[in-house]
Amino acid sequence: MQKISVKGGKTLKGTVEISGSKNATLPVMTAALLAESPSVIHNVPYLNDIKTMAQVLHTLGSTACLEDHRLHIDPKGFNKFEAPYELVKTMRASIYSLGACLARLGEAKVSLPGGCAIGARPIDLHLKGVEQLGAKVTIEHGYIHAKATKLKGSTIYLAGPHGPSVGATVNVLMAATAAEGTTVIESASTEPEVVDLVNFLKAMGAHIEGGGTARLVIEGQKTLKGIDYSVIPDRVEAGTFMVAAAITRGDVLLKKAEAAHMTAVSDKLRQIGVTVEESTEGIRVKGGGSYKPSDVWILPYPGFPTDMQAQIMALLAVVPGVSVITETIWENRFMHVFELNRMGAEINIDRSHAVVKGVPKLTGAPVMASDLRASAALILAGLVAEGETLVQRIYHLDRGYEKIEQKLSALGADIQRTN
Ligand code: EPZ
């Protein structure tokens, strides 16, 4: 099994290019099935989750071919409506086939995704949304079976106990493009990845108003055509490299990063004492000087993103003083705490709060990654830990970070993948 070895103590310097967004590409891929002609998606990262979604598309009868960061999707043969357990268990975003299949084929059969390392991950809002559009939903033998002879526009309130849902907004948006009349999604997700999907659908010919706001209005039943489209840069990858520059007290220019998507992360880093400069070239992050502790509330966009919670924790673990991180989205997203503590961090969990007492130094250790962003946090900690950190279970990392060790190594980190 592959591992990543990091030897701490190097200061990162130079330029890194941020890849296309994984979480924007996945919904855009399924939305390409709504058109009658092929689409070409540009800026697509080479990641295992993208390969898994391409397999989902193949299973549904379409083609998806990735070449030189361009993904060619031809929905011509899209005539199957089942996303099997083998694929959904590998990647939960396979559930996006629910909205696409209902919209084009009037029927969807999708394996029920279970919980995962970061939380229970219910899908009640997805089901509520498509039911309100007129689909009849049954759950049997571990599968969601949704059927609709005709989808009809409706007003749907889509917030759950933790606020809006990215995935439910994606599914309902796709289904609503085929519904007769007007659909209004209240409390829609405003995350940049959802806005990217809205922009993609609009460019395909869909009538959608309110992208980036909590109220989306969709006029359904427009014929959609395939298009060329470039997905947004990955804001979580960008944030991870911003923390890498900060934690090593380095100086890194992030090319192609979208500053407008990074305001919560940039603001937090500035509060801590890191210099963050925005220019037409990208975002430049300069670490150094004395850092201050800071409290972080994880919230839906434009709040501080849950997908950056583990990474900011790695930084605060070595900032003198006490910081409190409150996770409000995923109830179990603190698994990295135990591994960071094995590296010498002093972090205590009290329900949804992690109390981080900054320590003067971390020491390298063999550690186990529990999810994608936890893996990144352990690498960040390894960059400043004394000695070697050996990160295991890096298959999580390969789902969401394109060539992370090559990119870090080019900035001067002592990092390599080992077998
Ligand atoms: C997306 O997951 C992202 N995944 C996650 O990133 C991210 O952490 C999350 O949004 C929040 O930003 C992708 O884009 C592929 P949600 P998603 O539905 O859509 C509750 C990563 O590391 N909820 O917005 O599954 C849910 O329990 C991944 O790249 C319901 O209650 O998240 C959570 O508390 C991890 N009922 C909150 O809403 C539902 O039906 C937000 O979840 C659906 C969700």
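Just so you know, these numbers come straight off a predicted model, no measurement behind them.

Basis of the calculations
- Residues numbered from 1 in each chain as written.
- Predicted model: local features only at pLDDT ≥ 70, side-chain atom pairs only at ≥ 80, totals over all residues.
- Heavy atoms only, no water.
- Helix = DSSP H or I, 4+ residues; strand = E, 2+ residues; numbered from the N terminus.
- Rg over C-alpha atoms; globule rule 2.2 N^0.38 Å.
- Buried < 20%, exposed > 50% of the residue type's maximum accessible area, 1.4 Å probe, protein only.
- Areas by Shrake-Rupley, 256 points an atom, 1.4 Å probe, with all protein chains shown as cover.
- Lys, Arg positive; Asp, Glu negative; His and termini not counted.
- Charge placed at Lys NZ, Arg CZ, Asp CG, Glu CD.
- Expected span 1.5 Å × (residues − 1).
- Pairing = 2+ DSSP bridges.
- Axes fitted to C-alpha atoms, helices over the stretch in contact; angles between N-to-C directions.
- Near = heavy atom within 4 Å.
- Polar contact = N/O pair within 3.5 Å; in protein donor to acceptor, adjacent residues only side chain to side chain.
- Nonpolar A, V, L, I, M, F, W, Y, C, P; charged D, E, K, R; others polar.
- Domains from an automatic or database assignment.
- Salt bridge = Lys/Arg side-chain N within 4 Å of Asp/Glu carboxyl O.
- 1 Å grid on protein atoms, 1.4 Å probe; cavity = no way out; pocket = protein on both sides within 12 Å on 5 of 7 lines; lining within 4 Å.
- Points joined across faces, edges and corners; volume = space filled by probe spheres on them.

**A few points about the overall build of the protein**
Line of reasoning, step 1. Looking only at helices and strands, the protein has 14 helices and 26 strands in total.
Line of reasoning, step 2. For the protein, the C-alpha radius of gyration of 21 Å lies close to 22 Å, the compact-globule estimate for 419 residues.
Line of reasoning, step 3. A buried classification covers 57% of the 419 residues belonging to the protein.
Line of reasoning, step 4. Of the accessible surface of the protein, which amounts to about 16200 Å², a share of 51% is contributed by carbon and sulfur atoms.
Line of reasoning, step 5. Averaging the locations of the 43 positively and 42 negatively charged side chains of the protein gives two centres separated by 1 Å.

**Description of helix H7 (residues 192–204)**
Line of reasoning, step 1. The end-to-end C-alpha distance of H7, which contains 13 residues, comes to 18 Å, matching closely the 18 Å that a straight helix rising 1.5 Å per residue would cover.
Line of reasoning, step 2. Buried residues of H7: Pro192, Glu193, Val194, Asp196, Leu197, Val198, Phe200, Leu201 and Met204, and no others.
Line of reasoning, step 3. One or two steps after H7, the chain reaches Gly205, where phi turns positive at roughly 120°.

**Observations concerning the environment of Ile73**
Line of reasoning, step 1. Secondary-structure assignment places Ile73 in strand S5 (residues 70–74).
Line of reasoning, step 2. Sequence-wise, Ile73 and Ala32 are 41 residues apart; in three dimensions their C-alpha atoms are separated by 6.8 Å.

**Quick notes on the sheet that holds strand S10 (residues 155–157)**
Line of reasoning, step 1. Pairing within the open sheet is mixed, and its four strands lie in the order S10-S13-S15-S14. Strand pairing shows two members of the sheet lacking a second neighbour, S10 and strand S14 (207–209), which therefore form its edges. Here the average twist between neighbouring strands, direction ignored, is 15°.
Line of reasoning, step 2. Pairing between S10 and strand S13 (residues 182–186): three bridges, direction parallel. Paired with Ile156 across the strands is Ile185, a residue of S13.

**Focus on the site of the ligand**
Line of reasoning, step 1. Taken together, the neighbourhood of the ligand is formed by 23 residues, with Leu125, Ser165, Val166, Asp307 and Ile329 sitting nearest.
Line of reasoning, step 2. Between the ligand and Leu125 there is a distance of 2.7 Å, counted from an oxygen atom to a backbone nitrogen or oxygen.
Line of reasoning, step 3. Contact with the protein chains covers 90% of the free accessible surface of the ligand, which is 830 Å².
Line of reasoning, step 4. Of all the elements in the fold, those that place two or more residues in the shell around the ligand are helix H1 (22–31), helix H5 (124–132), helix H6 (166–176) and helix H12 (372–384).
Line of reasoning, step 5. No other element matches the three residues that H5 contributes to the shell around the ligand.
Line of reasoning, step 6. Broken down by class, the residue content of the shell around the ligand amounts to 11 nonpolar, six polar and six charged.
Line of reasoning, step 7. Among the domains, domain 1 (3–19 + 233–418) and domain 2 (22–230) are the pair contributing at least three residues each to the shell around the ligand.

**Here we look at the pattern of salt bridges**
Line of reasoning, step 1. Scanning the model with the defined rule gives 21 salt bridges in all.
Line of reasoning, step 2. Where Asp371 meets Arg333, a salt bridge forms, and the shortest distance between an N and an O atom there is 3.8 Å. With a gap of 38 residues between them, Asp371 in the loop between strand S24 (366–368) and H12 and Arg333 in the loop between strand S21 (322–326) and helix H11 (335–342) connect regions that are remote in the sequence. A single burial state applies to Asp371 and to Arg333, both of which are buried.
Line of reasoning, step 3. Of the charged contacts in the structure, one is a salt bridge between Glu405 and Arg417, with a shortest N-O distance of 2.5 Å. Here Glu405 is found in helix H14 (residues 404–410), whereas its partner Arg417 is found in strand S26 (residues 414–418), with 12 residues between them in sequence.
Line of reasoning, step 4. Owing to a relative accessible area of 26%, Arg417 belongs among the partly exposed residues under this scheme.
Line of reasoning, step 5. Members of the salt-bridge network, linked through shared partners, are Lys22, Asp49 and Arg399.

**Topic: empty space enclosed by the protein**
It is the rolling of a water-molecule-sized probe over the atoms that shows where space remains empty.
Line of reasoning, step 1. For the structure on display, the rule yields one cavity of 30 Å³ or more.
Line of reasoning, step 2. Along the walls of the largest cavity sit Arg235, His261, Met262, Thr263, Ala264, Val265, Tyr301, Pro302, Gly303 and Pro305, which together make up its complete lining.
Line of reasoning, step 3. Considering each element in turn, the lining of the largest cavity owes the most residues, three residues, to helix H9 (residues 263–272).
Line of reasoning, step 4. Here the residues of the lining of the largest cavity are counted per class, giving six nonpolar, three polar and one charged.

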